[in-house]
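Commentary on secondary and tertiary structure
Take a look at the letters that make up each chain.
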Amino acid sequence: MSLHGACLVLLVWITSCRLSSGEILKVRPLIVGEQLLWLNHNQGEIYSYRIPIMAATSRGSLLALAEARKASSSDAGAKFIALRRSTDKGRTWTPTKFLVNDGEVLDGLNLGAVIVDEQKDLVFVMYTLCGHHYDCLISSVMLIQTSDDGVSWSAPRNISEQVGTQMFMPGPGYGIQKRFEPKKGRLIVCGHGTLPRDGVYCLLSDDHGVKWRFGGSMRGIPYGQPKKRGDFTPDESQPFELPDGSVIVNSRNQNFYHCNCRVIMQSFDASETYPLDYLKFDEKLVDPAVAASAMFKNGVVFFTNPATPTKRINMTLQWSYDNGTTWQPTRLEIWRGPSAYSSLTMMERNTDDLRFIYLIYEKGYKDPYESISFVRIHLYGGLL
Ligand SMILES: *[C@@H]1O[C@H](CO)[C@@H](O)[C@H](O)[C@H]1NC(C)=O
Ligand SMILES: *[C@@H]1O[C@H](CO)[C@@H](O)[C@H](O)[C@H]1NC(C)=O
Ligand SMILES: *[C@@H]1O[C@H](CO)[C@@H](O)[C@H](O)[C@H]1NC(C)=O
């Protein structure tokens, strides 16, 4: 039996699965299943589905969510939040259920982040109303939650009553619950603002989603002024936690400051602050300015995006064995054609879960917004 095999078979605590030298178990990702969850017909009651996000619940179900745009492909416009749920790790899915209906407004809801509170077995979905100020002046951050694994959902709660009505758009992607100190148990949702409050912001909750407040931020430069190409505008964001308890945020670089690549920031105080000293531009993560995904699992950082400097094509999975400092030369091509937003998730309940990660992304043949696809990825080439 290989050392890798021994590690998996003898595994008792998933997080302790390391080779005896302390070396990380090397991965060989392989797509083992793919299914289109939503098809865009660009007509009818739902014009298009966009902005896919996903979470694995503490009971081991997968929740796939997207904006169901009613009348057009516009980022504004009226929408539903669409949900499909899988209790067999993505092999079969429930029909689409609509969780929220924003009516017939011109500037409707935008997704959003999905946050799993493993301590309390809760799942939250956070979204924004009136994010573009088309026919409305006041943005609101809203929250729905489930305590039965995504079967039934609460009525929307307006958390702008706590955090104010400046525009804040969460994600798109997942929020995290701190697993390590400092502030184990804290919920963290990062997203972006807009003029006059542009940049990345994170909302924090220390009481399982009851009360929220703004924590750390990384503001745009010039702050609060209209931007042009080359300005610093960190935008759509995905946080994840490293085992030392620090939080990395991987962000869209909207105006290509320094490079056509990702903005990386790091917090050592549970997302209260993101020191400038730790702001980086990861030139290896070439990016056309898009919502991408990043995730830490069992010693490995995973990253997905359309890995090109200007075009939304070539959805690619990359991985790093040193916390995102360097990336492995081998990559997994998910889809060479048009592809845009993506979001990763995983489970860590048993040894079988160690083998898989899951991706949801926007996929098409002529343009990336033809469908939303779900992919199961085996991390060990289907061998273990
Ligand atoms: C949410 O609360 C804010 C602050 O109280 C308020 O201005 C806004 O209208 C509320 N939004 C909704 C959709 O009720
Ligand atoms: C997309 O990926 C293919 C194969 O990996 C590569 O040949 C091509 O140059 C890539 N396109 C861009 C624009 O990077
Ligand atoms: C990655 O970060 C962890 C702490 O989160 C640390 O223990 C480990 O040594 C780091 N790995 C590398 C290769 O830098």
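For every chain, the first residue of its written sequence is number 1, and the numbers climb from 1 along that sequence. As they are written, the chains are lettered A onward and the ligands numbered 1 onward, keeping that order. Per-residue local features are limited, in this predicted model, to residues with pLDDT of at least 70; the limit for side-chain atom pairs, both in listing and counting, is 80 or more; totals at the level of whole chains, interfaces and linings are taken over all residues. To obtain the side-chain values, all non-hydrogen atoms of the structure were used and water was disregarded.

It is worth spelling out the overall build of the chain at this point. Runs of E in the DSSP output that reach at least two residues are strands. Runs of H or I that reach at least four are helices, and both are numbered from the N terminus. Looking only at helices and strands, one finds 3 helices and 24 strands in the chain. In terms of overall size, the chain behaves like a compact globule, its C-alpha atoms giving a radius of gyration of 19 Å where 384 residues would be expected to give roughly 21 Å. Projecting the C-alpha coordinates of the chain onto the three principal axes gives extents of approximately 65 × 45 × 45 Å. When burial is assessed residue by residue, the chain has 60% of its 384 residues classed as buried. Contacts spanning at least 24 positions in sequence make up 55% of the contacts within the chain whose residues lie at least 6 apart. Reported accessibility uses the Shrake-Rupley method at a 1.4 Å probe radius. Residues are deemed covered only where the shown protein chains occlude them. Summing over all exposed atoms, the chain offers an accessible surface of approximately 15,500 Å²; the carbon and sulfur share of this is 53%. The positive count covers Lys and Arg only, the negative count covers Asp and Glu only, and His and the chain ends enter neither. Here the site of a charge means atom NZ of a Lys, CZ of an Arg, CG of an Asp or CD of a Glu. Here the chain contributes 41 positively and 39 negatively charged side chains, and the mean placements of these two sets differ by 3 Å. Atoms considered for the radius of gyration are the C-alpha atoms alone. The globule rule reads 2.2 Å times the number of residues to the power 0.38. Burial classification: accessible surface area is computed with a 1.4 Å probe over protein chains only, and a residue below 20% of its type maximum counts as buried, one above 50% as exposed, and the rest as partly exposed. It only takes one pair of heavy atoms within 4.5 Å for two residues to be counted as in contact.

Let's shift gears to the nonpolar core. Among the buried residues, those of types Ala, Val, Leu, Ile, Met, Phe, Trp, Tyr and Cys that are joined through side-chain atoms within 4.5 Å form a nonpolar core. In this structure, Leu 65, Ile 81, Phe 302, Leu 317, Ile 334, Ile 357 and Ile 377 are the most contacted members of the largest nonpolar core, which totals 74 residues. No other element matches the 6 residues that strand β22 (residues 332-345) contributes to this core. Among all residues touching Ile 357, those that are not within four sequence positions of it are Met 295, Lys 297, Phe 302, Leu 317, Leu 344, Thr 345, Met 346, Val 375, Arg 376, Ile 377 and Leu 379. Within the second largest apolar cluster, 19 residues are counted, among which are Tyr 49, Met 54, Ala 68 and Tyr 358.

Okay, the sheet that holds strand β5 (residues 97-101) next. The pairing criterion for strands is at least two bridges between them, as found by DSSP. Strands sit in the order β2-β3-β4-β5 across an open sheet of 4 strands; the sheet is antiparallel. The open sheet has two edge strands with one neighbour each: β2 (48-56) and β5. Put simply, the sheet's adjacent strands are angled 25° from each other on average, direction ignored. The pairing of strand β3 (residues 62-69) with strand β4 (residues 79-86) spans 8 bridges and is antiparallel. Directly across from Leu 63, in β4, lies its bridge partner Arg 85. For helices, the fitted line uses only the C-alpha atoms of the stretch in contact; every axis is such a line through C-alpha atoms, and the angle between N-to-C directions lies from 0 to 180 degrees.

The next subject is the UniProt feature "domain: Sialidase" (unreviewed entry) in the chain. UniProt's entry tags residues 60-348 with the feature "domain: Sialidase" (unreviewed entry), counted in the numbering of this structure. As a span, residues 60-348 carries 1% helix and 47% strand, and end to end its C-alpha atoms are 9 Å apart. UniProt positions are given in the numbering used here, feature names are shortened, and annotations may be inferred rather than shown by experiment.

So, on to the site of ligand 1. To be near a molecule or strand, a residue needs just one of its heavy atoms within 4 Å of it. Contacts to ligand 1 come from Leu 129, Ile 138, Ser 140, Asn 158, Ser 160, Glu 161 and Thr 165. Counted as a polar contact is a pair of N or O atoms within 3.5 Å, where, for protein atoms, one must be capable of donating a hydrogen and the other of accepting one, and residues adjacent in sequence contribute only when both atoms are in side chains. The contact in question runs from a nitrogen atom of ligand 1 to an N or O atom on the side chain of Ser 140, over 2.9 Å. At a separation of 2.4 Å, an oxygen atom of ligand 1 approaches a polar side-chain atom of Asn 158. Contact with the protein chains covers 53% of the free accessible surface of ligand 1, which is 360 Å². For this scheme, ten residues count as nonpolar: Ala, Val, Leu, Ile, Met, Phe, Trp, Tyr, Cys and Pro. Four count as charged, namely Asp, Glu, Lys and Arg, and the remainder, Gly too, count as polar. Its residues placed into classes, the shell around ligand 1 shows 2 nonpolar, 4 polar and 1 charged.

Attention shifts here to the site of ligand 3. Lining the immediate environment of ligand 3, one finds Leu 242, Pro 243, Asp 244, Asp 322 and Asn 323. One nitrogen or oxygen atom from the main chain of Pro 243 is found 3.4 Å from an oxygen atom belonging to ligand 3. Between Asp 244 and ligand 3, the recorded distance is 2.8 Å, taken from a backbone N or O atom to an oxygen atom. Considering ligand 3 on its own, with 370 Å² of exposed area, one finds that the protein chains cover 46% of that surface. Within the shell around ligand 3, the residues separate by chemical class into 2 nonpolar, 1 polar and 2 charged.

As for its placement among the helices and strands, Arg 252 is situated in strand β16 (residues 247-253). In this structure Arg 252 comes out as buried when scored by relative accessible area, which is 9%. In this structure the C-alpha to C-alpha distance between Arg 252 and Ala 291, which are 39 residues apart in sequence, comes to 6.2 Å. Excluding residues within four positions of it along the chain, Arg 252 makes contact with Thr 233, Pro 234, Asp 235, Glu 236, Arg 262, Val 263, Ala 289, Val 290, Ala 291, Arg 312 and Tyr 341. At 2.6 Å, the side chain of Arg 252 forms a polar contact with the side chain of Gln 254.

Moving on: the packing of aromatic side chains. Stacked, edge-to-face and tilted labels apply to pairs of Phe, Tyr and Trp rings (six-membered ring for Trp) whose centres lie within 6.5 Å, assigned for plane angles under 30 degrees, over 60, and everything in between, in that order. Evaluation of the coordinates by the stated rule reveals 12 aromatic pairs. With centroids separated by 4.4 Å and ring planes inclined at 25°, the aromatic side chains of Phe 80 and Phe 98 adopt a geometry described as stacked. Of this pair, Phe 80 sits in strand β4 while Phe 98 sits in strand β5, and the two are 18 residues apart along the sequence. Assessed through its relative accessible area of 34%, Phe 98 is described here as partly exposed. A ring pair is formed by Phe 232 and Phe 281, whose centres lie 6.0 Å apart and whose planes are at 70°; its orientation type is edge-to-face. You can see Phe 232 sitting in the loop between β14 (213-219) and β15 (234-241) and its partner Phe 281 sitting in strand β18 (residues 280-286), a full 49 residues away along the chain. By relative accessible area, Phe 232 is classed as buried at 4%. Put simply, the rings of Trp 93, Tyr 358 and Phe 374 pair up and form one aromatic cluster. In this scheme, Lys NZ or Arg CZ marks a charge over a ring once it lies within 6 Å of the ring centre and within 35 degrees of the ring normal. When the ring centre of Tyr 201 is taken as reference, the NZ or CZ atom of Arg 197 above it lies at 4.6 Å.

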